[in-house]
Amino acid sequence: MSETTPELAPSNTSRFLRGVRLGTPVFLGYMPLGMAFGLMAVAAGFTIAQATACSALAIAGAGQYLAIRMIAAGGLATTLIATGVVNLRYLLFSATMAPHVSGVPRWQQGLLAFTLTDETFAINAADAREGRADRFSMLGVGAVSWVGWTLGTLIGSLAGSAIGDPNAWGVGFALPAMFTALLVGQLTGKREYVAAGLAAAAALALSLFVPRDWALVAAAVIAATVMTVVK
Amino acid sequence: MDPAIVWGLIAGMALTNIVVRATPIAVMSRFELPEPVRRWLSYVPVSVMSAMVALEVLKPGDQWRVTLANPYLLAAVPTALVYRFTRSFLGATVIGIAAFLAFRYLLG
């Protein structure tokens with residue numbers, strides 16, 4: 001966060017571009033996922049503008065897939081409640097990022113919150129842990145991720161079925177690969193290994209009983225609580 | 001589909017998403033958090049990442065694949081090694097995708 005050698009401090013632009021570079025794996029992962037959403041949304045009766053606006057304004061990932069499945073069958077209110085519930089985990093992620101953005105102007109905090117996803121959270125939290133993240137790098141990560149998701153949706157909704165199955169190119173592993181690398185970066189000591197082991201076991205066990213997003217949040221809460229209580 | 005309903009859905013989703021994501025940042029960044037809370041929050045990223053990897057690799061697409069003939073699981077190994085030695089997210093992601101394609105091809 002703080003620079004020890006102010007005269008060599010990188011410019012705001014170069015910090016932003018560093019964030020863009022950090023976020024490039026997210027871009028790679030979001031493009032095909034956005035394309036898939038664009039395809040599905042148009043197939044469900046959305047126009048190209050509606051599909052693209054949905055991605056650009058909500059950036060809700062799984063919540064958006066859920067929404068197009070539900071809105072066709074059910075009402076507006078139930079769909080909104082369901083997608084809101086799917087996104088409750090961002091309360092936790094946002095709270096975790098709060099100490100890292102305390103000195104940041106309000107409107108930039110707003111932009112950072114707006115581009116907060118599982119993936120941008122993972123990148124920025126890991127970067128902050130190494131003491132390198134600043135508001136410009138975090139905005140860069142958010143911007144390149146948003147472009148990937150929105151542009152992917154636009155391409156997918158324009159191209160229709162002509163683009164075929166993006167999974168043929170192995171992009172289905174882009175985000176798992178990124179999370180694997182981020183996990184390795186977080187394993188800095190014995191307690192981190194213990195927390196990781198606890199969280200992984202809890203997530204897999206819980207996923208037998210509750211949907212994936214809930215298993216993820218509950219596992220993180222359990223592991224963090226155990227690590228805080230047991231010294 | 002009725003345009004009013006679709007636009008209503010988009011507006012509603014945009015609103016709930018920004019409220020959920022911005023409220024904790026807006027409230028909690030204004031004051032110093034107590035030490036136990038900061039300690040607790042410091043374990044959230046590693047826990048989330050580990051839970052995410054476990055689910056992505058052993059239960060991809062919500063299907064259990066607890067076997068060694070699992071390209072997700074196998075490809076995670078070179079991905080982790082590349083990151084461990086190069087510290088490059090992009091490099092690890094690209095090698096990971098290549099390894100995934102190779103394993104998926106080899107395993108049929």
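Residues numbered from 1 in each chain as written. Chains lettered and ligands numbered in written order. Predicted model: local features only at pLDDT ≥ 70, side-chain atom pairs only at ≥ 80, totals over all residues.

The next subject is the overall build of chain B. Looking only at helices and strands, one finds five helices and zero strands in chain B. When the helices and strands of chain B are read in sequence order from the N terminus, they spell out α-α-α-α-α. Computed over C-alpha atoms, the radius of gyration of chain B comes to 20 Å, more than 25% over the 13 Å expected from 2.2 N^0.38 for 108 residues, which places it beyond the range of a compact globule. Seen along its three principal axes, the alpha-carbon backbone of chain B occupies a region of about 50 × 50 × 25 Å. Put simply, chain B has 108 residues, and 43% of those count as buried. Residue pairs in contact within chain B that sit at least 24 positions apart in sequence constitute 27% of those at least 6 positions apart. (Helix = DSSP H or I, 4+ residues; strand = E, 2+ residues; numbered from the N terminus. Rg over C-alpha atoms; globule rule 2.2 N^0.38 Å. Buried ≥ 20, exposed ≤ 12 C-beta atoms within 10 Å, placed from the backbone. Contact = placed C-beta atoms within 7 Å.)

A tally of helices and strands in chain A yields 11 helices and zero strands. The order of helices and strands in chain A, counted from the N terminus, is α-α-α-α-α-α-α-α-α-α-α. Its C-alpha radius of gyration of 19 Å places chain A within 12% of the 17 Å reference for a compact globule of 231 residues. Expressed as lengths along the three principal axes of its C-alpha atoms, the size of chain A is roughly 55 × 45 × 35 Å. Considering only residue pairs separated by 6 or more positions, chain A has 75% of its internal contacts joining residues 24 or more positions apart.

Here we come to the nonpolar core. Ranked by internal contacts, the top residues of the largest apolar core, which has 107 residues, are Ala199, Ala203, Leu216, Ala219, Ala220 and Ala223 of chain A together with Ala51 of chain B. If one sorts the elements of this core by residue count, helix 1 (residues 12-43) of chain A sits on top with 13 residues. The two domains that each donate at least three residues to this core are domain 1 (11-168) and domain 2 (187-231) of chain A. Beyond its immediate chain neighbours, meaning those up to four positions away, Ala219 of chain A contacts Ala199, Ala202, Ala203 and Leu206 of chain A together with Ser47 and Ala51 of chain B. (Core = buried A, V, L, I, M, F, W, Y, C linked by C-beta atoms within 7 Å. Domains from an automatic or database assignment.)

Take the environment of Ile123 of chain A next. Residues and elements named next belong to chain A. Its place among the elements puts Ile123 in helix 7 (residues 118-129). By the C-beta count within 10 Å, which is 27 here, Ile123 ends up buried. Separated by 95 residues in the primary sequence, Ile123 and Leu28 place their C-alpha atoms 14 Å from one another. Beyond its immediate sequence surroundings of up to four residues, Ile123 is in contact with Leu22, Gly23, Val26, Val141 and Leu182.

Residues and elements named next belong to chain A. Within the element layout of this structure, Ile155 appears in helix 8 (residues 135-159). Of the residues examined, Ile155 has 17 C-beta atoms within 10 Å and is grouped as partly exposed. As for Ile155 and Gly131, which are separated by 24 residues in sequence, their C-alpha atoms are 37 Å apart.

With that settled, consider the packing of helix 7 of chain A against helix 9 (residues 174-186) of chain A. All names here are of chain A. Relative orientation of the contacting elements helix 7 and helix 9 amounts to 20 degrees, with a least axis distance of 10 Å. In terms of orientation, helix 7 lies roughly parallel with respect to helix 9. For helix 7 against helix 9, the interelement crossing comes out left-handed. Touching Glu119, Ala122, Ile123, Ala126 and Arg129 of helix 7 are Leu175, Met178, Phe179, Leu182, Gly185 and Gln186, all from helix 9. Residue composition of the contact of helix 7 with helix 9, by class: seven nonpolar, two polar and two charged. (Axes fitted to C-alpha atoms, helices over the stretch in contact; angles between N-to-C directions. Parallel < 35°, antiparallel > 145°, perpendicular 65-115°, else oblique. Left-handed = near helix turned anticlockwise from the far one by under 90°. Nonpolar A, V, L, I, M, F, W, Y, C, P; charged D, E, K, R; others polar.)

The backbone phi angle of Ile59 of chain A is positive, close to 25 degrees, even though this residue is not glycine. By secondary structure assignment, the location of Ile59 of chain A is in the loop between helix 2 (48-58) and helix 3 (62-73).

Residues and elements named next belong to chain A. Domain annotation of chain A identifies domain 1 (11-168) and domain 2 (187-231). Computed from C-alpha coordinates alone, the two centres of domain 1 and domain 2 are separated by 24 Å. Tallying the contact residues gives four residues for domain 1 and four residues for domain 2. Across the side of domain 1 that touches domain 2, the residue classes break down as three nonpolar, no polar and one charged.

Looking now at the interface of chain A and chain B. In this complex, chain A contributes 77 residues to the contact, which on the side of chain B involves 59 residues. Top contributing element to the side of chain A that touches chain B by residue count: helix 9 of chain A, with 12 residues. Of the residues that constitute the side of chain A that touches chain B, the class distribution is 53 nonpolar, 20 polar and four charged.

A few words on helix 1 (residues 3-28) of chain B. The end-to-end C-alpha distance of helix 1 of chain B is 38 Å, a good match for the 38 Å that 26 residues give at a rise of 1.5 Å each. Remark: the principal bend of helix 1 of chain B, roughly 35 degrees, maps to Ala22 of chain B, with a proline, Pro24 of chain B, within the next four residues. Listed in full, the buried residues belonging to helix 1 of chain B are Val6, Leu9, Ile10, Met13, Thr16, Asn17, Val20, Arg21, Ala22, Pro24, Ile25 and Met28 of chain B. The inward-facing, buried residues of helix 1 of chain B contact helix 2, helix 3, helix 4 (76-86), helix 5 (89-97) and helix 6 (106-114) of chain A. (Expected span 1.5 Å × (residues − 1). Bend = angle between axes of the 7 residues up to and from the residue.)

What helix 6 of chain A keeps buried is the set Gln109, Leu112 and Ala113 of chain A. Axial view of helix 6 of chain A: buried residues confined to an arc of 100 degrees, hence all on one face. Packed against the buried residues of helix 6 of chain A are helix 5 and helix 8 of chain A together with helix 1 of chain B. (Arc of directions from axis to C-beta.)

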